[in-house]
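Listed here are the chains, written in short residue letters.
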Amino acid sequence: MKIKIQNFRGISNAEIEIPKGGICLIGGLNYQGKTSIAQAVGCLVSGNTLPLNIEKSQIQYILHEGTTRGSVESDNPRVKISWPQCHIEGTSAGLSATATGMESVLDMDVKTRAKFLNEILHAEPEFSDLELKLKESGLNSLTESLWKNIQGLGWDSTYSKAKETGAKLKGGWEEITGDNYGSAKAANWIPDNWDATLDAATEADLKARVDQAREFVEASIAHAAVSQEQVGRLKSAADSIPGYMEELMKVGQKLEEPENQIKIISKRFESLPRPKEDGECQPCPKCHALLRVSGGKIVVADTSLTKEAQKKVAEDRAACSKKLDELEKERQHLLTHKIDLERKFANAKDAREQLANVKPEKDESGTNDAKQRFALAESRLKAYQKKTAAEAKSKSIATNQVLCAILGPEGLRKEKLQTKLLRLNNGLKNICDIGRWGLVGIGFDLDVTYRGMPLSLRSRSEEYLSRVTLQIAFSLLLNQKFVIIDGLDILDKRGRNGLFSVIMKYQITALVCSTIYDKKDLPDLSKIGGRSYWVEGGCISG
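Residues numbered from 1 in each chain as written. Predicted model: local features only at pLDDT ≥ 70, side-chain atom pairs only at ≥ 80, totals over all residues. Heavy atoms only, no water.

Some points on the packing of aromatic side chains
How two aromatic rings sit relative to each other is given by the distance of their centres and the angle of their planes. Taken as a whole and judged by the stated rule, the model has five aromatic pairs. Judged by centre distance (4.7 Å) and plane angle (40°), the rings of Phe8 and Trp83 are tilted. With a gap of 75 residues between them, Phe8 in strand S1 (residues 2–8) and Trp83 in strand S5 (residues 78–83) connect regions that are remote in the sequence. When the ring of Trp173 is compared with that of Trp189, the centres are 6.2 Å apart and the planes differ by 70°; the resulting orientation is edge-to-face. With Trp173 in helix H5 (residues 155–177) and Trp189 in the loop between helix H6 (183–188) and helix H7 (203–239), this residue pair connects regions lying 16 residues apart in the sequence. Take Trp173 and Trp189: they sit in the same class, and that class is buried. (Phe/Tyr/Trp six-rings, centres within 6.5 Å; stacked < 30°, edge-to-face > 60°. Helix = DSSP H or I, 4+ residues; strand = E, 2+ residues; numbered from the N terminus. Buried < 20%, exposed > 50% of the residue type's maximum accessible area, 1.4 Å probe, protein only.)

Encoded structure:
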């Protein structure tokens with residue numbers, strides 16, 4: 001790849017070639033343009049029109065002093081960036097800022113570092129990871145719904161939602177039990193009315209016992225009510241005996257009057273002459289005596305009464321007959337009333353005898369016992385239901401806690417990241433072994449270490465080695481194999497040779513810049529397929 005740089009920062013004009021799979025070394029004194037070359041090439045291969053540490057409002061600092069235009073371009077691929085327009089022509093290789101050295105994981109805060117590592121290591125858990133993790137806890141049936149939430153809301157929001165659900169579940173447990181939730185407490189919690197026999201009970205059986213006890217209470221109450229009602233009826237009937245006796249006497253007296261009247265009128269009725277029967281009398285054709293028909297026979301008529309007298313007798317007999325009918329009706333009415341009274345009187349006397357044999361049920365022990373048994377059955381059912389509901393809530397809380405542990409930052413994502421970090425650390429070890437320097441690693445806390453110690457406790461050269469080791473590792477992970485390394489002079493000869501060994505081993509295309517105090521000390525890399533350039537005063541020479 002041939003690159004031409006014009007009027008970019010400290011470079012006025014420079015043309016270099018970076019051999020594929022080889023090393024292009026830029027050497028020179030300080031402030032001659034080495035870093036400017038590294039930044040220009042970094043922009044070109046990454047597609048960023050500005051170095052990451054420069055804002056567009058600072059564009060004047062991009063141009064070489066005294067100029068108004070600048071550019072960097074390559075022949076393969078053909079790409080050109082022009083300033084101050086920040087315009088790019090062609091398609092850049094799109095290399096990552098980390099591989100090109102424009103940014104480093106060492107300069108990121110923990111949160112940004114975690115996000116970066118998740119992305120570059122593809123450490124974001126996949127459906128299969130979640131499914132396996134849930135299966136370990138026996139919750140694989142939740143995989144589909146949980147994954148749907150993660151896809152829609154993201155891991156963090158799904159985790160927050162799960163925590164909110166957990167708080168509600170604990171509130172539900174506390175509402176059931178009336179106690180503050182605690183995992184140990186929930187595991188052993190039992191209601192106040194619990195007894196060991198309920199361990200083998202079922203809700204259906206307990207409900208049936210409650211129904212039976214309720215029916216027994218209702219029957220006991222009904223029986224007690226019937227007994228009291230019967231006693232009341234007997235007492236009422238017995239109390240009416242004097243009234244019946246008095247009324248019977250009155251009816252008897254009233255009955256005497258129509259009976260006496262009937263006797264008198266009947267006697268008078270019998271004393272009256274009988275009326276003529278069967279029509280008028282007729283004279284006998286032989287003896288001329290008056291004859292009449294009586295009882296189907298012809299008899300001599302009674303001619304002792306005149307017609308007027310006979311009429312009067314007939315009227316008296318009719319009046320007596322009518323009066324007798326009226327008196328008989330009255331007598332029958334009184335007799336019927338008397339018979340009814342006598343029946344009621346007899347029933348009242350029977351009631352009095354029954355009442356004398358009834359023992360008063362003043363205590364309600366039977367009903368109270370039934371009520372106590374019902375209360376006990378109901379209490380056992382409620383205790384069973386309360387314990388069952390509390391256990392269900394406790395189980396849901398435990399399940400939710402497992403989900404929170406999986407979804408949280410310390411859960412499956414960290415676990416997956418740690419697995420990826422182990423692989424990354426294996427790759428870092430290989431690089432360190434080739435370069436023959438101390439082991440660089442990233443711990444599970446995402447801290448970078450050199451020989452097992454934090455970089456804050458290491459030298460600048462050891463920090464530098466850690467930086468370039470990670471840079472190379474990430475370029476290999478991304479399969480980009482292009483690195484831009486500035487400030488090589490911080491390493492001693494052994495360190496520099498080790499770095500070159502790593503670059504050559506992995507056949508990485510590399511642009512390396514180093515402070516060299518004398519041009520004659522510039523290594524000739526053409527012998528190993530590389531290129532060496534000397535930069536001075538903003539210009540390049542081979």
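As for the environment of Asp445
Positionally, Asp445 belongs in the loop between strand S10 (440–442) and strand S11 (448–450). Within polar-contact distance, the side chain of Asp445 engages the backbone nitrogen of Asp447 at 3.1 Å. (Polar contact = N/O pair within 3.5 Å; in protein donor to acceptor, adjacent residues only side chain to side chain.)

Section: the side chain of Lys34
Take Lys34: it is sitting in helix H1 (residues 34–46). The buried charged residue Lys34 lacks any salt bridge partner; its closest oppositely charged side chain belongs to Asp489, at an N-O distance of 6.2 Å. A polar contact of 3.4 Å, which involves the side chain of Lys34, links it to the backbone oxygen of Gly28. If we ignore the near neighbours within four places in the chain, the residues touching Lys34 are Ile26, Gly27, Gly28, Leu29, Cys513, Ser514, Thr515 and Val535. (Lys, Arg positive; Asp, Glu negative; His and termini not counted. Salt bridge = Lys/Arg side-chain N within 4 Å of Asp/Glu carboxyl O. Contact = heavy atoms within 4.5 Å.)

Digging into the sheet that holds strand S12 (residues 453–454)
What the three strands build is an open sheet, ordered S10-S11-S12; its pairing is antiparallel. Each edge of the open sheet is held by one strand with a lone partner, namely S10 and S12. Across two bridges, the pairing between S11 and S12 is antiparallel. Paired with Thr449 across the bridge in S12 is Pro454. (Pairing = 2+ DSSP bridges.)

What to know about helix H13 (residues 493–505)
Over its 13 residues, H13 runs 18 Å from end to end, which matches the ideal 18 Å to within 8%, given 1.5 Å per residue. For H13, the secondary structure elements touched by its buried residues are strand S3 (23–28), helix H11 (412–435), helix H12 (460–477), strand S13 (482–485) and strand S14 (509–515). In the stretch just after H13, Gln507 is the one whose phi turns positive, near 50°. (Expected span 1.5 Å × (residues − 1).)

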